[in-house]
Amino acid sequence: MAKNDVSTLRIAPKIWRDGELIDWNDARIHVMTHALHYGSSVFEGIRCYPTKRGPAIFRLREHIQRLLNSAKIYRMEVNYTCEDLCQASVQVVKESGLEQCYIRPIMFRGLDEEKPTFGVNPFPNPIQCFIAAWDWGKYLGDEAVENGVDVCISSWTRITSNSLPAMAKAAANYMNSQLIKMEAIVNGFAEGIALDERGYVSEGSGENLFVVKDGEIYTPPLGSSILPGITRDSVIKIAKELGITVHETSIQRAALYVADEVFFTGTAAEITPIRSIDRIKIGLGKRGEITKKLQEVFFEIVHGKRPAPNNEKWLTYVNETHAQTANL
Ligand code: PMP
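Residues numbered from 1 in each chain as written. Predicted model: local features only at pLDDT ≥ 70, side-chain atom pairs only at ≥ 80, totals over all residues. Heavy atoms only, no water.

Draft legend 1. Quick look at the domain arrangement of the protein. Domain boundaries in the protein define domain 1 (6–134) and domain 2 (144–287). Taking both sides of the interface into account, the surface hidden between domain 1 and domain 2 amounts to around 1500 Å²; carbon and sulfur atoms contribute 59%. Across the contact surface, domain 1 and domain 2 share two salt bridges. Ionic pairing is found between Asp 233 and Arg 59, a salt bridge with its closest N-O pair at 2.8 Å. For the pair domain 1 and domain 2, the interface holds 10 residue pairs in polar contact (both at pLDDT 80 or more). Broken down by secondary-structure element, the contributors of at least two residues to the side of domain 1 that touches domain 2 are β3 (41–43), β4 (46–49) and α2 (60–73). Element by element, the count of residues in the side of domain 1 that touches domain 2 is highest for α2, at five residues. (Domains from an automatic or database assignment. Buried area = accessible area lost by both parts, 1.4 Å probe. Salt bridge = Lys/Arg side-chain N within 4 Å of Asp/Glu carboxyl O. Polar contact = N/O pair within 3.5 Å; in protein donor to acceptor, adjacent residues only side chain to side chain. Helix = DSSP H or I, 4+ residues; strand = E, 2+ residues; numbered from the N terminus.)

The following block contains the structure:
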C-alpha cells in the first residue's frame, strides 16, 4: 500500500502500539509474524459516537474485557489491565480529533526478531498490541438501517465451540465468517446467516441475530456457537426495559421464514433489519415496528440522549476522561 495522506482518509493518524502513539504509516509488522501464518490474533471492534458532550465510546469496558477474555482463552499473557487498554483507546480517539469512529484494538503473537521461531507453537512469540481507529459508515450499506437487507442461509456451518470457540473474538474465526460472507455476496445477498452444527440458527458473519414473533423476541443462547455480542446484550436490556419478553433459545431455520421481523445486531451493523431470507419476504418485507423502536432507543442511548437501562454507564466521554499521554 502506498503511503497514505491519512488526513484525507478519516483515519486516526496515530496508532497506539504497546504504550506509545506512533504514526499510521509506521504501524507495520514482519511478514514472519506468527499471527499471519497461524491466525493467532484476537481483536475488538468498538464504536465511538458524537454526543453533545463530544465523542463517547460505547461500552468500552465491556469490549476491552472481552478482548482480555479472548486472549486468556488462547493463553496469551497480556501485560495490560482493562483500565490500561481503556485509557489507551480514549487516547487514540482524543488524538485523532474524530467526532465519531470505529476503534480496533488487536493483540497477536508477533515475531521475536532476535530469536525467530517459525512453528505452530505460539509460546516463543511475543504478544504485540495495537489500537487503531477510523471513521466507518454503515456496515451493511447506508440504507440498510432503514430499509433492511436481503440475506441468505449459508451452506457453511458455524465453527463449533469445541474446535474454534466462537466466544473468543479471534481472527481465525473470521475465515469461517469470510466463507459465509463471500458466498452471500457472490449470490447477490448482503450477508449470510450460518447454522450451527446441529442445524439451528447461530449468527451472521459479523452480527448476532434476533427474531420477533407475536410481539416477543427470540435470539440464540450464549451457550450456542455465537460471539457474546455487546450490541446483543444492549438490545436484550433495552427490550426488557421496554417490557418486551426476550427468549434466549434455539431457533430453527424455518422459524426465520415465518417470523414477523428479523434483525442483525453488531457494533459495525448496529441494528439492521432483514427484509428477506433466501428470497422469502420476512413479515411485510421492510423494517418492522419492534425493530424500529429498538433502533430509536439504541441510537438515543449511544448519542447520549437517553440513559442506558438500569442507568448502567455505557458511554465513556472522551473529552471528560483523563487518559495518560506518556507510556503506560
Ligand atoms: N458475531 C460475530 C461473528 C461478530 O463478528 C460480531 C461483531 N463483533 C458480532 C456477532 C456482534 O458483536 P458486537 O455486538 O459485540 O459487536
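Draft legend 2. The environment of His 63, seen in detail. Mapped onto the fold, His 63 is located in helix α2. Spatially, the C-alpha atoms of His 63 and Gly 288 are 29 Å apart, while their sequence positions differ by 225 residues. Residue contacts for His 63: discarding those within four places in its chain leaves Glu 44, Gly 45, Ile 46, Phe 58, Ile 230 and Thr 267. (Contact = heavy atoms within 4.5 Å.)

Draft legend 3. Just the nonpolar core, in detail. Among the nonpolar cores identified, the biggest contains 30 residues, and Trp 16, Ile 57, Ile 64, Leu 85, Ile 103 and Met 107 are the most heavily contacted of them. Examining the composition of this core, we find that seven residues originate from one element, helix α3 (residues 82–96), more than from any other. With near-sequence residues (within four places) excluded, Ile 103 lies in contact with Glu 44, Gly 45, Ile 46, Cys 48, Ile 57, Ser 89, Val 93, Ile 131, Ala 132 and Ala 133. Counting 26 residues, the second largest nonpolar core, distinct from the first, contains Val 145, Val 246, Ile 301 and Tyr 317. (Core = buried A, V, L, I, M, F, W, Y, C linked by side-chain atoms within 4.5 Å. Buried < 20%, exposed > 50% of the residue type's maximum accessible area, 1.4 Å probe, protein only.)

Draft legend 4. Inspection of the packing of aromatic side chains at higher detail. Evaluation of the coordinates by the stated rule reveals 10 aromatic pairs. Ring centres 5.3 Å apart and planes at 70 degrees place the aromatic pair Trp 16 and Tyr 80 in the edge-to-face group. Of this pair, Trp 16 sits in strand β1 (residues 14–17) while Tyr 80 is found in the loop between α2 and α3, placing the two residues 64 residues apart along the sequence. We note that Trp 16, like Tyr 80, is buried. Each ring, one from Tyr 102 and one from Trp 134, has its centre 5.1 Å from the other, and the planes form 45 degrees; the classification is tilted. Linking Tyr 102 in strand β6 (residues 101–109) with Trp 134 in strand β7 (residues 127–134), this pair joins segments that are 32 residues apart in sequence. For the pair Tyr 102 and Trp 134, a shared accessibility class is recorded, and that class is buried. Cation over ring: Arg 53 sits above Tyr 317, and NZ or CZ is 3.8 Å from the ring centre. (Phe/Tyr/Trp six-rings, centres within 6.5 Å; stacked < 30°, edge-to-face > 60°. Lys NZ or Arg CZ within 6 Å of the ring centre and 35° of its normal.)

Draft legend 5. Layout of the side chain of Arg 109. For Arg 109, the position within the fold is in strand β6. At 2.9 Å, the side chain of Arg 109 forms a polar contact with the backbone oxygen of Tyr 74. Contact partners of Arg 109, with chain neighbours within four places excluded, come to Thr 33, His 34, Ala 35, Ser 40, Tyr 74, Arg 75, Met 76, Pro 122, Phe 123, Asn 125, Pro 126 and Ile 127.

Draft legend 6. Representation of the site of the ligand in the model. Near the ligand you find 17 residues, and of these Tyr 174, Glu 203, Ile 230, Thr 231 and Thr 267 are the closest. Bound to the protein, the ligand loses 96% of the 390 Å² it would expose on its own. Elements that contribute at least two residues to the shell around the ligand include exactly α2, α6 (230–241) and β14 (261–266). (Near = heavy atom within 4 Å. Areas by Shrake-Rupley, 256 points an atom, 1.4 Å probe, with all protein chains shown as cover.)

Draft legend 7. Representation of the pairing of strand β8 (residues 149–157) in the model. With three bridges joining them, β8 and strand β15 (residues 270–277) adopt parallel strand pairing. The residue of β15 that forms the bridge with Asp 150 is Ser 276. Note that β8 and strand β9 (residues 191–195) share four bridges and pair parallel. Pairing of Cys 152 across the sheet is with Gly 192, part of β9. (Pairing = 2+ DSSP bridges.)

Draft legend 8. Geometry of the environment of Gln 178. Here Gln 178 is to be found in helix α5 (residues 173–186). Each C-alpha atom, one on Gln 178 and one on Gly 199, is 19 Å from the other, the two residues being 21 residues apart in sequence.

Draft legend 9. A look at the state of the cysteines. Following the criterion strictly, the structure yields zero disulfides and no others. Just so you know, Cys 129 is unpaired, no disulfide at all, and the nearest cysteine sulfur is the one on Cys 86, 12 Å from it. (Disulfide = S-S within 2.5 Å.)

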